[in-house]
Amino acid sequence: MLGEGIAQGLMETARNFFGSYFSKDRLTTVQYPEEVRPPAEAARNFPFLIYDGDRREDWQAGMRCVACQICEKECPPKCIYIEKSKDKKPDALGKPQFYPAVFNIDISVCMSCQICVEVCPFEAIKMDTEFELSTDNRFGGLLWDKERLAKSNAYYGEIHPTEAAAVDALLAEERAKVEAKAKAAAAAKAGPSSPNPASTGASSTQ
Amino acid sequence: MSETADQIFVIMQRWLVGHAPAGLQSTFSSLLSVIAILAAFASLFAVTTVLERKGLGRIQNRYGPNRVGPFGFLQPIADGIKSLTKEDVVPQAADKAVHFIAPVVLVLAAFSLYAVLPIGRNMVLANLDAGVLFFFAVGSVMELTIFMAGWSSHNKYSLLGAMRAIAQMISYEVPLILASVTVIMAAGSLSTVAIVEKQGGYTGILPHWFVFTPWGFAGFGLFMIAATAESNRSPFDLPEGESEIIAGYYIEYSGFKFALFFLGEYLGMFAISGLGITLFLGGWAAPFSFLTWIPSYLWFFAKLLAMIVVFIWIRGTLPRLRMDQLMSFAWKFMLPMALLNLVTAGVWRFSPQGALRWLVCGLLVVVPYLLLGRGMMQGWKLEKRIYRFAE
């Protein structure tokens, strides 16, 4: 009969209308500023620089970046600007390294491609998930210096747990190798004639 | 007491008019009524925009606007400020004068419709002898303004929208008026006030509304379908057709002119709902005899809100028709039904009261509906669509 389908449709919409007042599951809307859904683990938007150490004051001392400038060269939209330091400071593995005197990222240019993260040999730059970044100053407010970019390794573990665990394991392994090598070197100094297979193993993987 | 409450606005108007100089009293009296109508229906428009957006949201399992003010009910103020501060863009190739006049005339025509609507007992701006005729005459000015808007914009889409609007509105004006003619036949008057009075009185607790007769029921259905088409609302919103012709005839309107179109469209919808109430639902009369103590204007607005809810519900349910479906529905279903309904109303008028009259008139409505409905549905193949090129 003509009109049957219309009646069925009207019933359906009425069910939705009243149902939305009774069952909260129907409403898929997240009321954003009050309710925030945690981002997916693989979420990313802009890069940040990792420093080791728990205290915020350590951000300069613990920064993993060695100013090798690979990310600056690889960055497709050229949003990274690095100035290498003149002096050196010990890095995470205790080796003296350069550090970035200036490290700026213009996040108004950054396209969140993650290429800087992929090319970094020192696990020093990672992608952040923070997205509430609006500012009333589109030049100064969106050009981030290294202090603004520096975030602790603990924070990285918080936002990307799986990825961070893998990176930590890798770094711990390297650190262990360096320590073993140092120990072997010390042992070699004590007894230069004795053979040391551990040191050769470590040097081959370096 | 209930008598005073019912007539409170009439008494207030008389009292205010009494302060005016003798020569200006009738002008002043009309002016007061006009201001009251402007204020009442403009605020009803504001409330309806929020209710519509919230209702549609709930139908689609969303919240709808809930940010501005308590439960989002101050949203129209924000919308108004926004549309007032927006740039008013007029296309270079547009016919500037007509482009400017179109929304203004639309709103003027929409407000003029309320002149003949009895909002309550003794509450009508102009009790014209040809009230219903006046309503339809002014209503057709709205069609004209839509074509003015579409033509003057000098834009392909707006002209397409305007042409769709004209085709649709002229097609649906025929069943709209034919459905109203049955009421005019039964009431024997074109005056809206007389039509409401004719529906007064109760049998037991039930009122004598025209909708409670077979021809009245069919007429009300036809009237409301045609009214939906006349006010360009979904599922008859082809003239706007966002997904096809972007916004149809008001594509080149921005800022407050767009808001005026919006206002005009809603006012047209309220007015035609008001006419439907006047013709079929007893105007300002209470639905049960024991509820007559509630003021008449409250009943009118309660009925109007109920109609608006139905409009919103329909809009949230039905998809837009195709142009040929629209036309075949108007000419192959609505028109024959409306013509037959005239016969039914005549039979009802001239046959003696009793069960036989109900049976004959009921059959005169139901049988054509079923047959015409079967005719309409012939050739419909509702099956899963197979995409040859997509997928």
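In this numbering scheme, every chain counts its residues from 1 along its sequence in written order. Labels are handed out in written order, letters beginning with A for the chains and numbers beginning with 1 for the ligands. Whole-chain, interface and lining totals are the exception, using all residues; otherwise, since this is a predicted model, local features are given only for residues with pLDDT of at least 70 and side-chain atom pairs are given and counted only at 80 or more. Hydrogen atoms and water are omitted, and side-chain values are computed over all heavy atoms in the structure.

What to know about the overall build of chain A
Keep this limit in mind: A run of DSSP states H or I qualifies as a helix once it reaches four residues; a run of E qualifies as a strand once it reaches two. Both are numbered from the N-terminal end. Radius of gyration means the value over C-alpha atoms here, while the globule rule gives 2.2 Å times the residue count to the 0.38 power. In what follows, residue pairs with any heavy atoms lying within 4.5 Å of each other are defined as contacts. Calculation of accessible area relied on Shrake-Rupley with a 1.4 Å probe; when residues are assessed, cover is drawn exclusively from the protein chains displayed. For the charge count, each Lys or Arg is scored as positive and each Asp or Glu as negative, with His and the chain ends excluded. In plain terms, the charge of a residue is placed at NZ if it is Lys, CZ if Arg, CG if Asp and CD if Glu.
Secondary structure assignment for chain A yields seven helices and eight strands. The C-alpha atoms of chain A give 26 Å as radius of gyration, which overshoots the globular expectation for 206 residues (17 Å, by more than 25%). Referenced to the eigenvectors of the C-alpha coordinate spread, the extents of chain A come out at roughly 100 × 40 × 30 Å. Residue pairs in contact within chain A that sit at least 24 positions apart in sequence constitute 67% of those at least 6 positions apart. Accessible surface computed for chain A: about 12,600 Å², of which carbon and sulfur atoms make up 58%. Counting 25 positive and 30 negative side-chain charges, chain A places the averaged centre of each group 7 Å from the other.

As for the environment of B:A306
Residue and element names in this part refer to chain B. Stated formally: Exposure classes here rest on a 1.4 Å probe applied to the protein chains alone. A residue is buried below 20% of its type maximum, exposed above 50%, and partly exposed in between.
Position of A306 among the secondary structure elements: in helix α11 (residues 296–317). For A306, a relative accessible area of 41% gives the class partly exposed. Residues A306 and A194, 112 residues apart in the sequence, show an inter-C-alpha distance of 23 Å.

Digging into the side chain of A:N153
All names here are of chain A. Relative to the elements of secondary structure, N153 occurs in helix α5 (residues 153–159). By relative accessible area, which is 14% here, N153 ends up buried. For N153, the contacting residues outside a window of four places in its chain are I50, Y51, D52, R64 and D168.

Side note on the packing of helix α6 (residues 156–187) of chain B against helix α12 (residues 323–350) of chain B
Residues and elements named next belong to chain B. Which entries qualify depends on this criterion: Axis lines are fitted through C-alpha atoms, for helices just across the contact stretch, and the angle between N-to-C directions can take any value from 0 to 180 degrees. Note that the term roughly parallel is reserved for angles under 35 degrees, roughly antiparallel for angles over 145, roughly perpendicular for angles of 65 to 115, and oblique for everything else. Residue polarity follows a fixed list, in which Ala, Val, Leu, Ile, Met, Phe, Trp, Tyr, Cys and Pro are nonpolar, Asp, Glu, Lys and Arg are charged, and the others, Gly among them, are polar.
In the contact formed by α6 and α12, the axes pass within 8 Å of each other and the chain directions differ by 10°. Taken together, the axis directions place α6 and α12 in an arrangement best described as roughly parallel. By residue class, the composition of the contact of α6 with α12 is 19 nonpolar, five polar and two charged.

Observations concerning the sheet that holds strand β7 (residues 143–144) of chain A
Residue and element names in this part refer to chain A. Defined as follows: Following DSSP output, two strands are said to pair if at least two bridges run between them.
Here we have three strands laid out as an open sheet, ordered β2-β5-β7, and antiparallel in their pairing. In this open sheet, the two edge strands, each paired with only one partner strand, are β2 (80–84) and β7. Where β2 meets strand β5 (residues 100–106), five bridges bridge the pair, whose relative direction is antiparallel. What sits directly across from K84, in β5, is P100.

Things to note about the sheet that holds strand β8 (residues 150–152) of chain A
Residue and element names in this part refer to chain A. Taken in spatial order, the three strands make up an open sheet running β6-β1-β8, and their pairing is mixed. Looking at strand neighbours, the two that pair on one side only are β6 (125–127) and β8, the edges of this open sheet. Adjacent strand axes in the sheet meet at a mean angle of 50°, parallel and antiparallel pairs treated alike. In this sheet, β6 lies alongside strand β1 (residues 47–51) in antiparallel orientation, the contact comprising three bridges. Bridge pairing in β6 links P47 to M127.

Thoughts on the environment of B:E52
Residues and elements named next belong to chain B. Among the structural elements, E52 can be located in helix α2 (residues 25–59). With a relative accessible area of 2%, E52 lands in the buried category. When the C-alpha atoms of E52 and G69 are compared, they prove to be 17 Å apart, with 17 residues separating the residues in sequence. Setting aside residues no more than four positions away along its own chain, E52 makes contact with R233, Y266, I312 and R315.

A closer look at helix α5 (residues 131–152) of chain B
Selection criterion: By this rule, a helix spans an expected 1.5 Å times one less than how many residues it contains.
Here α5(B) spans 32 Å end to end across 22 residues, near enough to the 32 Å set by a 1.5 Å rise per residue. One or two residues past the end of α5(B) sits B:H154, with phi positive at roughly 55°.

Quick word on the packing of helix α4 (residues 96–112) of chain B against α5(B)
Residue and element names in this part refer to chain B. Worth spelling out the cut-off: Helix crossings fall into two classes, left-handed where the near helix is turned counterclockwise from the far one by less than a right angle and right-handed where it is turned clockwise.
Where α4 contacts α5, the axes come no closer than 8 Å and their chain directions differ by 160°. On the basis of their axis angle, the class for α4 and α5 is roughly antiparallel. Of the two elements, α4 crosses α5, and the hand of that crossing is left-handed. Between α4 and α5, the contacting residues are V98, H99, I101, A102, V105, L106, A109, A110 and S112 on the first element and F134, V138, V141, M142, T145, M148, A149 and S152 on the second. Here the residues of the contact of α4 with α5 are counted per class, giving 13 nonpolar, four polar and no charged.

Topic: the packing of aromatic side chains
Residue and element names in this part refer to chain A. Test applied: For Phe, Tyr and Trp, where Trp contributes only its six-membered ring, two rings pair if their centres lie within 6.5 Å, and the inter-plane angle classes them as stacked under 30 degrees, edge-to-face over 60, or tilted in between.
All chains considered together, the criterion is met by 31 aromatic pairs over all chains. Between the aromatic rings of Y32 and F131, the centroid separation amounts to 6.2 Å while the plane-to-plane angle is 40°, which identifies the pairing as tilted. With Y32 in the loop between α1 (4–22) and β1 and F131 in the loop between β6 and β7, the pair connects residues that are 99 residues apart, well separated along the chain. Given the relative accessible area of 37%, Y32 is considered partly exposed. When its relative accessible area of 46% is taken as the criterion, F131 is described as partly exposed.

Structural notes on the interface of chain A and chain B
Heads up, the rule is: Here the quantity called buried area is the total loss of accessible area, with a 1.4 Å probe, experienced by two parts when brought into contact, counted for both. Just to be clear on terms, a salt bridge is a Lys or Arg side-chain nitrogen sitting within 4 Å of an Asp or Glu carboxyl oxygen. Any pair of nitrogen or oxygen atoms within 3.5 Å is treated as a polar contact; in protein, a donor-acceptor pairing is required on top of that, and neighbouring residues in sequence qualify only through side-chain atoms on both sides.
Listed as interface residues are 20 residues of chain A and, on the opposing side, 20 residues of chain B. Approximately 1,800 Å² of surface area, both sides summed, lies buried where chain A meets chain B, with 63% of it carried by carbon and sulfur atoms. Put simply, chain A and chain B have one salt bridge between them. Notably, a salt bridge pairs A:E34 with B:R67, separated by 3.1 Å at the nearest N-O pair. Across the contact surface, chain A and chain B share nine residue pairs in polar contact (both at pLDDT 80 or more). Of the residues in the side of chain A that touches chain B, the class split is nine nonpolar, eight polar and three charged.

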